[in-house]
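Survey of secondary and tertiary structure
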Amino acid sequence: MMNNAPDPPRPGTPTGTTGTPTGTTNTVTSTTTEPTATHTKNPPAVHAEDLTVTRGPRKVLRNLAFTVPRGQITGLLGPSGCGKSTLMRAIVGTQAKVTGTLDVLGHPAGHPTLRTRIGYVTQAPSVYDDLTVRQNLDYFAAILDPGRPAADRRHDNVTRAIADVDLTTHADALAGNLSGGQRSRVSLAVALLGTPELLVLDEPTVGLDPVLRRDLWTLFHDIAASRGATLLVSSHVMDEAERCHRLLLMREGELLADDTPEALRTRTGADTVEEAFLHLVDEAKAAARTKETTR
Ligand SMILES: Nc1ncnc2c1ncn2[C@@H]1O[C@H](COP(=O)(O)OP(=O)(O)OP(=O)(O)O)[C@@H](O)[C@H]1O
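As annotated in an unreviewed UniProt entry, the chain carries the name Putative ABC transporter ATP-binding protein YhiH and comes from Streptomyces afghaniensis 772.

Turning to the nonpolar core, a few remarks are in order. Ranked by size, the top nonpolar core spans 50 residues in total, and within it L137, F220 and L231 carry the most contacts. Considering every element that reaches this core, the biggest residue donor is helix α5 (residues 210–227), with seven residues. Sequence-distant contacts of L137, defined by excluding residues within four places in its chain, comprise V158, A161, I162, V186, A189, V190 and L193. F66, V104, V200 and L248 belong to the second largest nonpolar core, which has 30 residues in total.

Taken together, 13 residues sit near the ligand, with R58, S80, G81, S85 and T86 positioned nearest. Separating a nitrogen atom of the ligand from a side-chain N or O atom of R55 is a distance of 3.4 Å. Protein chains shield 63% of the accessible area of the ligand, which is 630 Å² for the free molecule. Counting residues per element, the ones that place at least two in the shell around the ligand are β3 (58–68) and α1 (84–92). In terms of residues, the shell around the ligand owes the most to one element, α1, which gives three residues. In terms of residue class, the shell around the ligand is made up of three nonpolar, six polar and four charged.

Once that is clear, we can look at helix α4 (residues 180–192). Relative to the 18 Å expected for 13 residues at 1.5 Å per residue, α4 spans 19 Å between its end C-alpha atoms, a close match to the ideal helical length. All buried positions along α4 are accounted for by G181, Q182, R183, S184, R185, V186, S187, L188, A189, V190, A191 and L192.

Let us now look at the pattern of salt bridges. Inspection of the entire model under this criterion finds 14 salt bridges. Between R117 and E197 there is a salt bridge; the shortest N-O distance is 2.7 Å. Of this pair, R117 sits in the loop between β6 (107–108) and β7 (118–121) while E197 is found in the loop between α4 and β8 (198–201), placing the two residues 80 residues apart along the sequence. One salt bridge in this structure joins D258 and R246, with 3.2 Å as the shortest N-O distance. Of the two residues, D258 is situated in strand β11 (residues 254–259) and R246 in strand β10 (residues 246–251); the sequence distance between them amounts to twelve residues. Since its relative accessible area comes to 19%, R246 is described here as buried. Taken together, the salt bridges that share partners define one network made up of R70, R117 and E197.

The next point concerns the environment of M250. For M250, the location among the structural elements is in strand β10. Taking relative accessible area as the criterion, M250 reaches 0% and is therefore assigned buried. Between the alpha carbons of M250 and L77 there is a distance of 6.0 Å; along the sequence they are 173 residues apart. Look past the residues within four positions of M250 in its chain and what remains in contact with it is L61, L76, L77, G78, P79, C82, G83, K84, L87, L255, L256 and F277.

What the six strands build is an open sheet, ordered β7-β8-β9-β4-β10-β11; its pairing is mixed. The sheet terminates laterally at β7 and β11, the two strands that pair on one side only. Here the average twist between neighbouring strands, direction ignored, is 15°. Pairing of β8 with strand β9 (residues 230–235), which is carried by four bridges, proceeds in the parallel orientation. Within β9, the position partnered with V200 by the bridge is L232. Its contacts with the sheet put helix α7 (residues 273–293) on β10 and β11, and the angle it makes with β10 is roughly 45°.

Conventions used here
Just so you know, the residues in each chain are numbered from 1, in the order the chain's sequence is written. Residues qualify for local features only when their pLDDT is at least 70, as the model is predicted, and side-chain atom pairs are given and counted only at 80 or more; totals for whole chains, interfaces and linings, by contrast, use all residues. Derived side-chain values reflect all non-hydrogen atoms in the structure, with water molecules and hydrogen atoms excluded from consideration. Definition used in this section: a nonpolar core is a set of buried Ala, Val, Leu, Ile, Met, Phe, Trp, Tyr and Cys residues joined via side-chain atoms within 4.5 Å. Relative accessibility under 20% of the residue-type maximum defines a buried residue, over 50% an exposed one, and the middle range a partly exposed one, all with a 1.4 Å probe and only protein chains included. Secondary structure elements follow DSSP: runs of H or I no shorter than four residues count as helices, runs of E no shorter than two count as strands, and numbering proceeds from the N terminus. Any two residues having at least one pair of non-hydrogen atoms within 4.5 Å are treated as being in contact. Consider each residue's heavy atoms; a residue with any of them within 4 Å of a molecule or strand counts as near. The term polar contact refers here to a pair of N or O atoms within 3.5 Å; inside protein, the definition further demands a hydrogen-donor-capable atom paired with an acceptor-capable atom, and it admits residues adjacent in sequence only when both atoms are side-chain atoms. Accessible surface area values rest on a Shrake-Rupley calculation with a 1.4 Å probe, where residue burial reflects the displayed protein chains alone. Residue polarity follows a fixed list, in which Ala, Val, Leu, Ile, Met, Phe, Trp, Tyr, Cys and Pro are nonpolar, Asp, Glu, Lys and Arg are charged, and the others, Gly among them, are polar. Given the number of residues in a helix, its expected span is that number minus one, multiplied by 1.5 Å. Salt bridge criterion: a side-chain nitrogen from Lys or Arg within 4 Å of a carboxyl oxygen from Asp or Glu. Think of it this way: DSSP has to see at least two bridges between two strands before they count as a pair. For helices, the fitted axis covers only the stretch in contact; all axes are lines through C-alpha atoms, and the angles between them, taken along N-to-C directions, range from 0 to 180 degrees.

This is the structure:
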């Protein structure tokens, strides 16, 4: 069973899953570096204004403006290719050619002080196939919390992180022999070794069966409630939207909505977030047509 008991505080975030700023081609400004800024005392987890990202010849994110509040689960939803991973990479500081304002925990995205405060789990699991689950976790725990005196604490944290993602019975299995979903959960366990204030999870439930998906969402809610952590979770499965406190709905590099699931349903007169999404897509298309004909 998934261990959903509240966890005691744990040391920082594993470097293996934390963003490394690319920096050089970014011109991101910050609204929170000046002492007079309104957000300085208790800045939101993420604040973006006029955020644009170029990949290759295309602008894949265009003029995004949104705020991710702390201590909640924000779902980043939209169809494949709409720019969810790109936005997450910008937030953790690994995406080049980012312009506009992008503040994360009160600092410009990619700022060195954010490295231990953000946990990032990519779509492709970052695990060593020739190590067992426990050896993978031991390795990252040793980077995170080094030294002989910390050995017992490391052992406890590793055991707890493995239980969190329901892999206790596979602790001694080689990561290379696990299924895709199990390897993703090893990656998630690595991120859970630390006490990240912001957990950025890129499609963590892809390929998982419904029971495991439900258990992982229970775990996400536990992490938000017991640690006060902020979770930004991407998915292209609209039924997962209902499990989030807030939603960022994206389509083709633009933000269609930044609201709660309930407010979205109410505003669009829809029964589900999926219907609300389709309504917003139709609305955006109609607005684009009107703009085109009035030129
Ligand atoms: N390395 C790259 N170079 C150029 N364009 C890229 C690159 N990687 C992604 N893109 C483009 O950027 C856009 C956004 O891709 P992104 O991976 O962020 O989408 P996504 O919403 O996360 O998709 P998915 O749900 O399939 O993972 C896509 O149109 C994609 O083709």
